[in-house]
Structure formats: structure tokens, C-alpha cells
Amino acid sequence: MFANGPAIRLLPRLDVDNRFFWTGGADGILRFLRCRSCRQFIHPPVPRCPACLSDRLAPEPVSGRATVHSFTVNYQAWIPGSDPYVIGLVAIDEQPDVRLMTNLVDCEPDDTLVGRAVEVVFEQSDDVFLPLFRPVSTLPDDPGTRSGR
Amino acid sequence: MSGPPAERRAAITGIGQSAVGRRLGRTDLDLTLEACLEAVADAGLSRDDIDGLATYPGAGLGTGGFAGPGTPEVQDALRLRLNWHDGGAEGPGQMRAVIAACFAIAAGAARHVLVYRTVSESTAQGEGGRQGIGGSGGGGSVPRFSGFLQWSLPFGAVSAVNWIALVGQRRVHEFGLTREQLAQVALNGRRNAALNPKAIYREPMGLDDYLAARMISSPLCLYDCDAPCDGSTALVVSDANYAPDSPRPSCHVNAVGTALRGRPSWDQFDDMTSMAARDAAASMWERTELRPADVDIVQLYDGFSILAMVWLEALGFCGRGESGPFVEGGTRIALDGELPLNTAGGQLSAGRLHGFGLLHEACLQLRGDGGARQVQGRHEVAAVANGGGPIAGSLLLTRGPG
């Protein structure tokens, strides 16, 4: 099995644009900025909708479901003390051109992982809730297996 | 476009390169001056003739040894009197400095532009140790990150190799890319490096060596990553009218590739298998009547091996997703193959001169000055490409005026 991520989580600097994203996981819900005019999800957060230029934007919940677009297993200990971990690039179900880099957890990183359905699980680190993703399980959902969820 | 593109008014009339090696222990300004003076002399000029100066990325950017000296430092060291000067990192990759020089010449802002790129990453890493990130320990709070890095660093995607590995794995998924295919870029580089006295790694390497190397970030192993080094490369980009008076054959700029039409992002770009190379290459072919079949030699950025394969497709030497079969076995891209690739060894074996080593080699080959590694077939047209991910620029050079 692989680690869930690096030994030390380097964290985002929270600001007025990104705070909702990085702290939203406190209630277990992944959110993206969305345009109230044209309904596009917008990522990373910016002050105006890049599609229609409206400034009527607000964070909205998404399902937390996504598809693995690509991944890599990192072996190099850039961050001392780290065991190999899986970096994923996932496309969210609601709008697949919105992608997140993440860590893929509870999975075997073989060539069949790309295209796999995954779901968000949050890992709390300081005041930040990092959205990690695991394969969608066929077992009954078991919330609370991870901190912050 | 009405009339020939502006860059046809520019030609590379002089080239120079400093000593290249690991931990040379020389300052980056020292290396830069060595390369610059060689290029100026090669162009049959003196420093009094140089009225333009350009570099990538300008002073201070990146980690130790990455940036090299800025233009003010070089201008002052050579006491140049400049009509035009430019240094910066945003633009069509490392090539931006050369392309800016071409446009400055076409605009009449300068007649002879000295362009250089210097790295001293090997010495810097030797002095500082190869620093991990965030593991300094001992008190001090760990910094936090904004901009793109906030989306990658929390997940341990801390290096360009991680970001480019995502391109690689996507290609495994979409195109069935194999490690044996990917290996050909590295093995080709090593074969050619054996004929390059300045190359960092010259000892023979076989497929077994490649396959046995440790993984860095799958599917990229150690030999898919280029070799940090110290060295400086310089070019004189002149008004093409000067070319007949230059003592050495000039390399004419036929077309530049500068476009970035997808999102400028490592993770949001629409096509993760190509990224910006697709756009830069497309825009280059829009500016010339030459076609991929006219190209004799290619020098394609191999900061990571996979990027050279991305460029082969983007530039149209094979179809999208077909670079794996294209390089299979290595004969097609070999020195005596139909499309010789990275004839000095590329960055994987000759050292990470950050795109400018490739540019220098393209000029050497077009001139016929490649020595033991000179391409024996036709060498009239060369394509050079720099960059990876959302960063890309390309250049089409011809031996005679276009």
C-alpha cells in the first residue's frame, strides 16, 4: 500500500478567493465557485466568470464524485521522510474540464486507475481540509473513517 | 499574413558556448562572458557592434543556479551600449529571448542582439546540498503557498517531474505508451552524447540499464530526467542583411512558434497529452510554407524524455499519439536515421542547458560543424523546440535565407 500523501503537508495561504475551497471540507462537502449567470463552475477561483464575465459568483456544493484523468506514483523523497504516494489528477463529474490535483488513497496505482470513478474524502491539516479521492466503493458508505468527515 | 513573417528578417550569425560540466565552481557571469565573447567573435563582430541584449529568464528567478545573470549585469560587464534590452520569464518558453530578439530586429530596434542563457544548477546544488522541501525542521514555521503551487504542493506534487509524469501516464492510458518506447529518447541521447566531448554522461547505456533505473515519479525514471549542469550558451541574432558578411554560415529564422491557446495551467489545460506544445507548433506552421517533411534535424526539449515525444507529435512528424511507435527501436531518430533527434545528446545526457544547448546544436548541424556527430544526410532545415506543460516555444531554422 502507498502513503496517503507526503510526510509533511505544504499548505495553501488562505485568502478571500480560496478560503471557501480549502475550509469547506469541514462539513464534508466539496465546493467550487459557480457563476450565477451562466452556471459554469470556475476553478481556480477568480473574481469574474471567465466564460461570461459576470461577477455574480458564489461557491456551490458538488457531489464529490470525479473521474481519474491521470496519476503518478511519486517515489522521490522531495519531502524528507515521505514514503511513495499517489498523486492524482481528477475531473469532477459535474463539469469534467474542472480538474484537481489530489492524492488518490485506498487504491492500487496500476494502469487501470485512469478512468476510475472516485469520491472525495477530506484530510484535515491545521485549518485546511484537503480533498483526497478514493475509488467509489460498492460497500455501504462509512462516514467518519477519516478526520474531518 | 501579408508578406513574409517578421522573423525572416533575423538570422543567427554567431554562436558560443562556455565550458559545460558539473560543479565547475565558476560564477554564472564568468560562464556567460565566455559564451558571449565566443558568439560575438564567431559572428565576426566586436562588442561595439552589439546593440541589443536579451536573456531568459532574467536575474533572480527560481532556485539556486537556475536564472543566471540578468541583462544589466552582462551589459555592464561588457560595457555594452544598447538600443534594446530584454530579460524575462513569461512567454513562449526559454525561446522567448530569441523570439523577442527577432522581433526587435524586424522592428528596427536593434541590428545585432546578443542572446544568452546561463545555468549553474550543478554548482548551486553542490553548495547547498540537494534541498528537500519543507523539511527544514528546527522551529521556524513552514511557509504557505499561493498561485498555482497551492493546488499542487499540498499533495506532494512539488516538482515539474510530478506534473509532467501526469502527462506521461495519460499517454500510457490513451496511446498505450510503453517504457521501452519512452526509453528510446534517453538511449538515443546517450548514443549521441558519446560523440560530444562536452556531454555530462557519455558512458554507454542500454535498455536494461534504463529499465533497471529507480522510479522518480511513474512512469518517469531517473533516466527520463535531465542532468543539472553548469554552462552558458550565447547567440548573436542579427539583421539578416548582415548574414552575407558574417564569416560563418548563418542560420536563418524561418518561423517562430509562440501560441498559447489552451489554458495556461499545468492541471487545467484541455489536452493533457500535448499541452502547450500543440499550440506553439501549430502557430509555427501557420507562419511558413515549409512542412514537417522538409525538416532534416530536430532538437526537441527533453528536460523530461516524454516531452521530446510530445514535441514530435505536436510538430507533425507523426500523428497524435503515434510517437511511441515512431521512436520504437530508435533507428528513425538516430544520427543516421530519417529524423535525427537531439544530436548532441539532449539535456538527458549532454546537460540541462535549458533549451539553449539544443539551439546551439541546431546551428552547429546546419553549418555542418557537428564534427564526429555531424548528420551526414541533408542538413538544411532544423526545428528546435523548448518547454513543457503550459510553457512552449519553437523555432524553424534554415541554412540559407528562407
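Given the structure is predicted, the values throughout are model-derived calculations rather than measurements.

Enquirer: Can you lay out the overall build of chain B for me, pointing to particular residues and giving the numbers?
Expert: Helix and strand counts for chain B stand at 13 helices and 11 strands. Here the C-alpha atoms of chain B give a radius of gyration of 20 Å, agreeing with the 21 Å that 2.2 N^0.38 yields for 402 residues. With the principal axes as the frame, chain B shows a C-alpha extent of 55 × 50 × 40 Å. Burial analysis of chain B (402 residues in total) assigns 58% to the buried set. Restricting the contact set of chain B to residue pairs at least 6 apart, pairs at least 24 apart contribute 78%.

Enquirer: Help me get a handle on the overall build of chain A, residues and values and all.
Expert: A count of helical and extended segments in chain A gives one helix and eight strands. What you see in chain A, going N to C, is helices and strands ordered as α-β-β-β-β-β-β-β-β. Over its C-alpha atoms chain A spans a radius of gyration of 16 Å, differing by no more than 12% from the 15 Å that the globule rule assigns to 149 residues. Projected onto its principal axes, the C-alpha coordinates of chain A cover approximately 45 × 30 × 30 Å. Sorting the 149 residues of chain A into buried and exposed places 40% on the buried side. Counted over contacts in chain A with a minimum sequence separation of 6, partners at least 24 positions apart contribute 55%.

Enquirer: Let's hear about the nonpolar core: which residues, and what values?
Expert: Here is a general trend for soluble globular proteins: nonpolar side chains tend to be buried in one another's company. One finds V98, A101, L114, V115, V237 and W311 of chain B to be the most contacted residues of the largest nonpolar core, which totals 160 residues. Setting aside chain neighbours within four positions, we find V98 of chain B in contact with V115, L235, V237, L359 and L395 of chain B.

Enquirer: With reference to specific residues and values, describe the sheet that holds strand β3 (residues 57–61) of chain A.
Expert: Residue and element names in this part refer to chain A. The strand order β2-β1-β3 describes an open sheet built from three strands, whose pairing is antiparallel. Pairing within the sheet leaves two strands with one partner each, and these edge strands are β2 (41–42) and β3. As defined by bridge partners, strand β1 (residues 31–35) adjoins β2 across two bridges and the pair is classed as antiparallel. Across the sheet, the residue bridging to L33 is I42, located in β2.

Enquirer: Could you give an account of the environment of V298 of chain B, naming the residues involved and the relevant values?
Expert: One can find V298 of chain B in strand β9 (residues 297–300). Between the C-alpha atom of V298 of chain B and that of A383 of chain B, which follows or precedes it by 85 residues, the distance is 4.9 Å.

Enquirer: Give me the lowdown on the packing of helix α1 (residues 28–42) of chain B against helix α2 (residues 71–78) of chain B, citing residues and values where you can.
Expert: Angle between the axes and distance between the axes: these two values describe a pair of packed helices. Residues and elements named next belong to chain B. Where α1 meets α2, the closest approach of the two axes is 11 Å, and the angle between their N-to-C directions is 65°. Between α1 and α2 lies a crossing of right-handed hand. Residues L29, T32, L33 and C36 of α1 lie in contact with α2, whose contacting residues are E73, V74, A77 and L78. Class assignment for the residues of the contact of α1 with α2 results in six nonpolar, one polar and one charged.

Enquirer: Quick rundown of the pairing of strand β3 (residues 84–87) of chain B? Include the residues and the values.
Expert: Residue and element names in this part refer to chain B. One ladder, built from four bridges, connects strand β2 (residues 52–55) with β3; its direction is parallel. Bridging from a neighbouring strand, L53 pairs with H85 of β3. Considered for its hand, the β-α-β crossover made up of β2, α2 and β3 is right-handed.

Enquirer: Tell me what's going on with the interface of chain B and chain A, and back it up with residues and numbers.
Expert: Taken together, the 34 residues of chain B in the interface contact 35 residues of chain A. Counting only elements with at least two residues in the side of chain B that touches chain A, the list comes to α5 (149–152), α6 (160–175) and β5 (215–217) of chain B. The leading source of residues in the side of chain B that touches chain A is α6 of chain B, at seven residues. Grouping the constituent residues of the side of chain B that touches chain A by class yields 15 nonpolar, 14 polar and five charged.

Enquirer: How would you summarise helix α9 (residues 277–285) of chain B if you had to cite specific residues and measurements?
Expert: Residue and element names in this part refer to chain B. Burial analysis of α9 places seven of its nine residues in the buried class, which makes it a mostly covered element. For α9, the complete set of buried residues consists of A277, R278, D279, A280, A281, S283 and M284. At its buried positions, α9 is contacted by β8 (251–257), α10 (305–314), β10 (381–386) and β11 (393–398).

Enquirer: Before we move on, can you summarise the environment of P12 of chain A with the specific residues and values?
Expert: When you line up the elements, P12 of chain A lands in the segment before α1 (19–23). Residue P12 of chain A is classed as buried on the basis of its C-beta count, with 21 C-beta atoms lying within 10 Å. Counting along the chain gives 57 residues from P12 of chain A to H69 of chain A, while the straight-line C-alpha distance between them is 23 Å. Leave out the neighbours within four places in its chain, and P12 of chain A touches N18, W22 and V128 of chain A together with R144, F145, Q150 and P154 of chain B.

Enquirer: Before we move on, could you go through the pairing of strand β6 (residues 99–103) of chain A and cite the residues and values that matter?
Expert: Residue and element names in this part refer to chain A. Counted residue by residue, β6 has five buried out of five residues, so it is predominantly covered. Side chains of β6 alternate between two faces, with R99, M101 and N103 and L100 and T102 buried alike. The pairing of strand β5 (residues 85–92) with β6 spans five bridges and is classified as antiparallel. Within β6, the position partnered with G88 by the bridge is T102.

Enquirer: Please give an account of helix α7 (residues 179–193) of chain B that cites residues and values.
Expert: All names here are of chain B. For α7, spanning 15 residues, the distance from its first C-alpha to its last is 21 Å, which sits close to the expected 21 Å at 1.5 Å a residue. Summarising burial for α7: 12 of the 15 residues are buried, a large majority. Among the residues making up α7, those that are buried are Q181, L182, A183, Q184, V185, A186, L187, N188, G189, R190, N192 and A193. Buried residues belonging to α7 abut α8 (207–212), α10, α11 (323–327) and α12 (346–350).

Enquirer: Any details on the packing of α6 of chain B against α10 of chain B? Residues and values, ideally.
Expert: Residue and element names in this part refer to chain B. For the pair α6 and α10, the least separation of the axes is 10 Å and the interaxial angle reads 55°. Looking at the two axes, α6 sits oblique to α10. Handedness of the crossing formed by α6 with α10: left-handed. Residues I164, V167 and G168 of α6 pack against I306, L307 and V310 of α10. Among the residues making up the contact of α6 with α10, the classes are represented as five nonpolar, one polar and no charged.

Enquirer: Provide a residue-level description of the sheet that holds strand β1 (residues 10–17) of chain B, including the pertinent values.
Expert: All names here are of chain B. The strand order across the open sheet formed by nine strands is β3-β2-β4-β7-β1-β8-β11-β10-β9, and the pairing between neighbours is mixed. Of all strands in the sheet, those bounded by a partner on one side alone are β3 and β9. Across the sheet, the axes of successive neighbouring strands diverge by a mean angle of 25°, strand direction being ignored. Looking at chain direction, β8 and β11 are connected through five bridges and run antiparallel. Each residue of the ladder has a partner; that of A255, found in β11, is L396. Sitting on the sheet, α2 is in contact with β2, β3 and β4 (112–120), with an inclination near 140° to β2. Along the sheet, α9 makes contact with β8, β10 and β11, crossing β8 at roughly 125°.

Calculation notes
Residues numbered from 1 in each chain as written. Chains lettered and ligands numbered in written order. Predicted model: local features only at pLDDT ≥ 70, side-chain atom pairs only at ≥ 80, totals over all residues. Helix = DSSP H or I, 4+ residues; strand = E, 2+ residues; numbered from the N terminus. Rg over C-alpha atoms; globule rule 2.2 N^0.38 Å. Buried ≥ 20, exposed ≤ 12 C-beta atoms within 10 Å, placed from the backbone. Contact = placed C-beta atoms within 7 Å. Core = buried A, V, L, I, M, F, W, Y, C linked by C-beta atoms within 7 Å. Pairing = 2+ DSSP bridges. Axes fitted to C-alpha atoms, helices over the stretch in contact; angles between N-to-C directions. Left-handed = near helix turned anticlockwise from the far one by under 90°. Nonpolar A, V, L, I, M, F, W, Y, C, P; charged D, E, K, R; others polar. Right-handed = clockwise from strand over helix to strand, strands pointing away. Expected span 1.5 Å × (residues − 1). Parallel < 35°, antiparallel > 145°, perpendicular 65-115°, else oblique.

Any functional reading would require information that these geometric values do not contain.
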